Amino acid sequence: MAFNPFNEKPIKVEKALRNWKQLYPDSYDIKTVDPYTRVRVILMNGAEYESSWFSHHFHRHCNNNDLRRDLALMRRVEQQQQKLISCLKPLNESILETTIGYEQVAVDLTATLAQREPDKYVKEALDFALLEDFDHLYRFADLLEMDMGIEAERIVGGYTEIMPGRPTIAEHRCPCDDVRYPINAKTASPITKLNIAIITSAEQQTMNYYNNIAPFYKNDLGRKLFTEIAMIEEQHVTHYGGLQDPNATMLECLLNHEYTECYLYYSMLHDETDSKIRAVWERLLGEEIAHLHKAKEMLQKYEGRDYQEVIPNGEFPELLKLKPNKDYVREVLAKTVWKTSHKEKYADSRKLGADSTFAKYQSIVNKNEKTVPNHIAISSYIKLNKQDYRYEDAPHPIKELRNRKADNTAVARPPL
């Protein structure tokens with residue numbers, strides 16, 4: 001059924017303010033939760049975090065205190081929403097178990113968005129980073145089994161394979177090579193604008209989680225691995241954030257943020273299998289519709305513009321539905337594992353010379369591969385167990401990555 005949040009009657013924004021009891025929900029059960037429920041919780045936590053921090057940046061670059069007061073009220077509700085969603089995670093879910101959920105978000109969300117993306121350049125960006133997050137899942141899964149004796153396939157529920165992607169050691173690039181061409185919001189498809197907003201918030205949430213959690217992990221190897229992969233997640237935030245239209249005004253961005261959240265909550269509501277958490281999505285959808293209408297009023301009041309100049313057709317496009325993407329990930333692996341990025345475009349790493357920015361950066365950060373945390377993690381696991389930990393439905397599509405008794409550090413890396 002078609003749904004346009006601009007046609008809904010909103011509640012007043014302040015009606016969403018909660019007391020402390022209302023702010024602390026019943027968490028999901030780690031033993032029975034569907035993996036994609038965990039994924040949805042992580043995704044919406046990231047969407048709320050992104051919205052709140054955008055609002056803070058808007059506040060810091062605005063000289064109208066009436067407008068800032070409107071932002072402050074909306075931001076307080078967004079903060080409450082984020083805290084509520086964050087506490088849906090249960091107390092007995094460990095750092096690493098949650099991390100597997102974060103990487104499942106990165107894999108299956110990215111693959112889902114890529115398959116529906118009409119813009120070839122944006123799709124290529126999604127496919128490119130997909131293989132890197134897929135490899136992160138593999139690295140953390142080996143650490144999980146090594147440190148806690150827990151097989152990550154139980155956490156991903158068999159929906160997502162666990163095996164090497166583009167090796168993490170090959171993902172460290174010169175910062176200048178993570179910059180992308182932005183879209184034109186006036187001509188881009190609505191689904192493209194949603195895809196970019198969604199994936200940017202998801203990757204930023206992952207970066208924030210790894211940044212914050214790294215110092216608290218229980219051993220040096222885990223601290224180092226979280227730190228290394230947090231650096232790559234920062235690259236991904238640059239990579240995806242650079243696709244957004246930089247010419248949009250802050251009030252346009254506010255409207256787009258609220259519209260994206262409405263779209264996500266409506267999608268989560270229709271995709272959720274847990275009745276208690278579905279009720280959370282339903283309530284938060286109503287609150288976000290209120291924020292959207294407030295953003296619409298602010299655009300009219302402070303810029304004299306109608307919301308349809310920014311979002312011509314408010315009716316939601318195809319909803320976001322999470323599903324396994326094993327065949328698609330294998331296809332992207334087979335076709336693009338050797339890719340790296342070169343300025344705003346992509347290149348075959350085998351064709352880059354030792355004078356390339358990629359090779360020069362690799363020679364600085366990965367000069368001695370024996371000191372690179374992600375390589376140490378897999379090598380340590382193999383030393384203990386004779387082969388790495390994987391969850392595969394079939395042999396790896398890349399011949400060089402099939403050997404389970406050695407960690408390949410050559411695939412997708414330049415000559416040093």
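Look up: the structure comes first, before these words.
Okay, so let's go over this structure. (Residues numbered from 1 in each chain as written. Predicted model: local features only at pLDDT ≥ 70, side-chain atom pairs only at ≥ 80, totals over all residues. Heavy atoms only, no water.)

1. Brief notes about the pattern of salt bridges
Stated precisely, the cut-off is as follows: For salt bridges, the criterion is a side-chain nitrogen of Lys or Arg within 4 Å of an Asp or Glu carboxyl oxygen. Burial here depends on accessible area, computed with a 1.4 Å probe over protein chains only, as a share of the maximum for the residue type. Under 20% is buried, over 50% is exposed, and the range in between is partly exposed.
Going through the model one piece at a time under the given rule, you end up with 27 salt bridges. Among the ionic pairs, R305 bridges to E303, the shortest N-O distance being 2.8 Å. The class of E303 is partly exposed, set by a relative accessible area of 29%. In this structure, a network of salt bridges that share partners links the residues R40, D271, E272 and K321.

2. Remarks on the side chain of E233
Just so we agree on the cut-off: For the purposes of this entry, the term helix denotes a DSSP run of H or I that reaches at least four residues, the term strand denotes a run of E that reaches at least two, and both are numbered from the N terminus. Only four residue types enter the tally: Lys and Arg on the positive side, Asp and Glu on the negative side; His and the chain ends are excluded. Here, residues are in contact when the closest pair of their heavy atoms is within 4.5 Å.
Relative to the helices and strands, E233 is located in helix α8 (residues 220-241). Lacking a salt bridge, the buried E233 has R173 as its closest oppositely charged neighbour, with an N-O distance of 9.4 Å. Apart from residues no more than four positions distant in its own chain, E233 is found in contact with E103, D133, H136, E203, T206, M207 and Y210.

3. Let's talk about unusual backbone geometry
Even without being a glycine, K386 presents a positive backbone phi close to 75 degrees. According to the relative accessible area criterion, K386 is exposed, its value standing at 63%. Positioned with a positive phi, A412 is a non-glycine residue whose angle comes to about 70 degrees. Position of A412 among the secondary structure elements: in the segment after α13 (373-385).

4. Let's talk about the state of the cysteines
Put simply, the rule reads: Count a disulfide wherever a pair of cysteine sulfur atoms falls within 2.5 Å.
Applying the stated rule across the entire model yields zero disulfides. Here C253 stays unpaired: no disulfide links it, and the sulfur of C62, its closest cysteine neighbor, is 13 Å away. On the accessibility criterion, C253 (21% relative accessible area) is partly exposed.

5. Observations concerning the layout of surface pockets
Keep this limit in mind: Method remark: on a 1 Å grid restricted to protein atoms, a set of points is classed as a cavity if a 1.4 Å probe fits but cannot get out and as a pocket if it is open with protein on both sides within 12 Å along at least five of seven lines; lining residues have an atom within 4 Å of a point. Grid points are joined across faces, edges and corners, and a volume is the space filled by probe spheres set on the points. Gly counts as polar in this scheme, as do all residues outside two lists: the nonpolar Ala, Val, Leu, Ile, Met, Phe, Trp, Tyr, Cys and Pro, and the charged Asp, Glu, Lys and Arg.
Volume-wise, the largest pocket comes out at about 1100 Å³. A197, Q244, C253, N256 and H257 are the residues nearest the centre of the largest pocket, which is lined by 40 residues in total. Looking at the lining of the largest pocket, the elements with two or more residues in it are α2 (35-60), α7 (190-213) and α9 (250-271). Here the lining of the largest pocket is built from residues that sort into 20 nonpolar, 12 polar and eight charged.

6. Observations concerning the side chain of Q235
Position of Q235 among the secondary structure elements: in helix α8. Using a relative accessible area of 6% as the deciding quantity, one classes Q235 as buried. Apart from the residues lying within four places of it in its own chain, the contact partners of Q235 are E171, H172, R173 and D178.

7. Quick word on the packing of α2 against α7
We count it as follows: Interaxial angles span 0 to 180 degrees and are taken between N-to-C directions of axes, which are lines fitted to C-alpha atoms, for helices over the stretch in contact. An angle below 35 degrees is treated as roughly parallel, one above 145 as roughly antiparallel, one from 65 to 115 as roughly perpendicular, and anything else as oblique.
With their axes 8 Å apart at the nearest point, α2 and α7 run at an angle of 95 degrees to one another. With respect to α7, the axis of α2 lies roughly perpendicular. Contacts between α2 and α7 involve I42, L43, N45, G46, A47, Y49 and E50 on the former and, on the latter, I198, S201, A202, Q204, Q205 and N208. Along the lines of polarity and charge, the residues of the contact of α2 with α7 split into six nonpolar, six polar and one charged.

8. What to know about the packing of aromatic side chains
Short version of the rule: The aromatic pairing rule takes the rings of Phe, Tyr and Trp, using the six-membered ring of Trp, and pairs them if the centres are within 6.5 Å, calling planes under 30 degrees apart stacked, those over 60 edge-to-face and the rest tilted. By definition, being over a ring means that NZ of Lys or CZ of Arg is both within 6 Å of the ring centre and within 35 degrees of the ring normal.
Across all of its chains, the model carries 20 aromatic pairs by this definition. An angle of 55 degrees between the planes, with centres 6.0 Å apart, marks the rings of F54 and F58 as tilted. With a gap of four residues between them, F54 and F58 both fall in helix α2, about one helical turn apart. A residue is classified by how much of its surface remains accessible, and F58, at 5% relative accessible area, is buried. Among the aromatic side chains, those forming a connected cluster through ring pairs are F3, F6, Y259, Y263, Y266, Y307 and F316. Note that K339 overlies the ring of Y346, its terminal NZ or CZ placed 5.4 Å from the centroid.

9. Some remarks on empty space enclosed by the protein
What the rule picks out here adds up to one cavity of 30 Å³ or more. If you add up the space inside the largest cavity, you get close to 50 Å³. In terms of lining residues, the largest cavity is bounded by S51, F54, S55, L71, M74, R75, E78, L254 and E258. For the lining of the largest cavity, the secondary structure elements donating two or more residues are α2, α3 (65-86) and α9. A per-element tally of the lining of the largest cavity places α3 first, with four residues. Taken together, the residues of the lining of the largest cavity break down into four nonpolar, two polar and three charged.

10. Details of the pairing of strand β2 (residues 345-348)
Stated precisely, the cut-off is as follows: Only strands joined by at least two bridges in the DSSP assignment are considered to pair.
Note that strand β1 (residues 339-342) and β2 share four bridges and pair antiparallel. Note that in β2 the partner of K339 across the bridge is D348.

11. Overview of the environment of L113
Positionally, L113 belongs in helix α4 (residues 95-116). Residue classification places L113 among the buried positions, given a relative accessible area of 0%. In the structure, L113 is positioned 27 residues away from F140 in sequence and 23 Å away in space, judged by C-alpha atoms. Dropping the residues within four chain positions of it, L113 is found in contact with L126, N195, I198, I199 and L320.

12. A look at helix α11 (residues 326-336)
Those residues of α11 lying buried are K326, Y328, V329, R330, V332, L333 and T336. Of the surrounding elements, those touching the buried residues of α11 are α4, α5 (120-148) and β1.

13. A closer look at α7
The following threshold applies: One less than the residue count of a helix, multiplied by 1.5 Å, gives the span that helix is expected to have.
For α7, with 24 residues, the first-to-last C-alpha span of 35 Å sits near the 34 Å given by 1.5 Å per residue. Where burial is concerned, most of α7 is hidden: 19 out of the 24 residues are buried.

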